[in-house]
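Listed below, chain by chain, are the residues.
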Amino acid sequence: MSHLQGAFLISIGIGLIFLVLTFVFEGRAFSKTGNSKYSLFRYFPFELNCFKRNSPLSYVYPITTLIGTLLVSTAFLFFALEVQQSGGAMTIAFILFVVSCLSALVFNALRFIKLSNYQLHLIFAVIFVCLNLLEMILTLFFLPNTNYFYVNAPHQATQIGVFVVSFLLLILEAVLMFNPSYKRWNKMVKVDAETFNRPKFNYLAMLEWGNFIIYILNLLPVGVVMFF
């Protein structure tokens, strides 16, 4: 294992630790507010955010979330550097890194844009989905392509692995995007400036959290190319 491959795994591991710990602590804080237990199927990322302007300690949560997401995206940078070192198609590799960083920043923005600013919130949600789609399309069309060399000489097992993983991620994205529950959006009605009534399975919240998971899983096809 090269030092860049090790850095790839360490970056993902530390980033996920930051994110999991942050969300666990925020989930506990959410349950103390008297609301029901936090659910990824019902509540939005911004509702998990514990940031309060009058509480200096709460600045830790958005900072650790930002660090965690950027560490996950930095794994793409180590992949790009490994590709560059191997004399491969580094342009595509660096584009994947840039797209992942943009996805990380958009998700962090979604953690602050409330439904009271619904149009802006929806715009950022759409951008987040489009960036994930772009990354999946890039990995699907370029990483298995025998015309491009990355870390190792391309062979059939790697090509099949990348294609299968990328295709499954696209199917997951399609399920999130075309979820039939969008027909129940009329149940998500505004009660006041901060409160919304919504169904148990909230389409938009699932779309945002689902794309956050896809943002992380987009590393899988890159990992296949980097290690196999």
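Residues numbered from 1 in each chain as written. Predicted model: local features only at pLDDT ≥ 70, side-chain atom pairs only at ≥ 80, totals over all residues. Heavy atoms only, no water.

The next thing to look at is the confidence of the model for the protein. For the protein, the average pLDDT comes to 87, and 89% of its residues sit at 70 or higher. Least confident of the elements in the protein is strand E1 (residues 189-190), whose mean pLDDT is 50; most confident is helix H4 (residues 90-110), at 96. (pLDDT = per-residue confidence, 0-100. Helix = DSSP H or I, 4+ residues; strand = E, 2+ residues; numbered from the N terminus.)

Tallied over the entire structure, the rule returns one salt bridge. Across the pair Arg-111 and Glu-26 runs a salt bridge, and its minimum N-O distance is 2.8 Å. In this pair, Arg-111 is assigned in the loop between H4 and helix H5 (118-142) and Glu-26 in helix H1 (residues 3-31), connecting sequence segments 85 residues apart. Judged by its relative accessible area of 2%, Arg-111 is buried. (Salt bridge = Lys/Arg side-chain N within 4 Å of Asp/Glu carboxyl O. Buried < 20%, exposed > 50% of the residue type's maximum accessible area, 1.4 Å probe, protein only.)

A few words now on the packing of helix H3 (residues 60-85) against helix H7 (residues 203-217). For any two helices packed against each other, the geometry comes down to the angle between their axes and how far apart the axes lie. Remark: H3 packs on H7, axes separated minimally by 10 Å, with the N-to-C direction vectors making an angle of 40°. One element, H3, and the other, H7, form an angle in the oblique class. Packed against H3, whose contacting residues are Thr-69, Leu-70, Val-72 and Ser-73, the element H7 presents Phe-212, Tyr-215 and Ile-216 at the interface. Within the contact of H3 with H7, the residues separate by chemical class into five nonpolar, two polar and no charged. (Axes fitted to C-alpha atoms, helices over the stretch in contact; angles between N-to-C directions. Parallel < 35°, antiparallel > 145°, perpendicular 65-115°, else oblique. Contact = heavy atoms within 4.5 Å. Nonpolar A, V, L, I, M, F, W, Y, C, P; charged D, E, K, R; others polar.)

Another point: the nonpolar core. By size, the foremost hydrophobic cluster in this structure holds 57 residues, and its most contacted members are Phe-8, Phe-79, Tyr-150 and Phe-212. Listed by contribution, the elements that provide at least two residues to this core are H1, helix H2 (45-48), H3, H4, H5, helix H6 (156-177), H7 and helix H8 (219-227). Counting residues per element, this core draws most heavily on H4, which supplies 10 residues. For Tyr-150, the contacting residues outside a window of four places in its chain are Phe-79, Val-83, Ser-86, Gly-88, Ala-89, Ile-92, Phe-142, Leu-143 and Val-225. (Core = buried A, V, L, I, M, F, W, Y, C linked by side-chain atoms within 4.5 Å.)

With respect to the helices and strands, the residue Thr-158 is situated in helix H6. A relative accessible area of 10% places Thr-158 in the buried class.

Checked against the element boundaries, Ile-95 lands in helix H4. Sequence-wise, Ile-95 and Ala-80 are 15 residues apart; in three dimensions their C-alpha atoms are separated by 8.9 Å.

One can find Glu-135 in helix H5. In this structure, Glu-135 is buried with no salt-bridge partner, the nearest side chain bearing the opposite charge being Arg-111 at 18 Å. With near-sequence residues (within four places) excluded, Glu-135 lies in contact with Phe-76, Leu-96, Val-99, Ser-100 and Asn-218. (Lys, Arg positive; Asp, Glu negative; His and termini not counted.)

The subject of this paragraph is the environment of Ile-12. With respect to the helices and strands, Ile-12 occurs in helix H1. With 58 residues separating them in the primary sequence, Ile-12 and Leu-70 have C-alpha atoms 9.6 Å apart. With near-sequence residues (within four places) excluded, Ile-12 lies in contact with Ala-75 and Leu-219.

Let us now look at the environment of Phe-212. With respect to the helices, strands and loops of the structure, Phe-212 is situated in helix H7. Look past the residues within four positions of Phe-212 in its chain and what remains in contact with it is Leu-19, Phe-23, Thr-69, Phe-107 and Phe-128.

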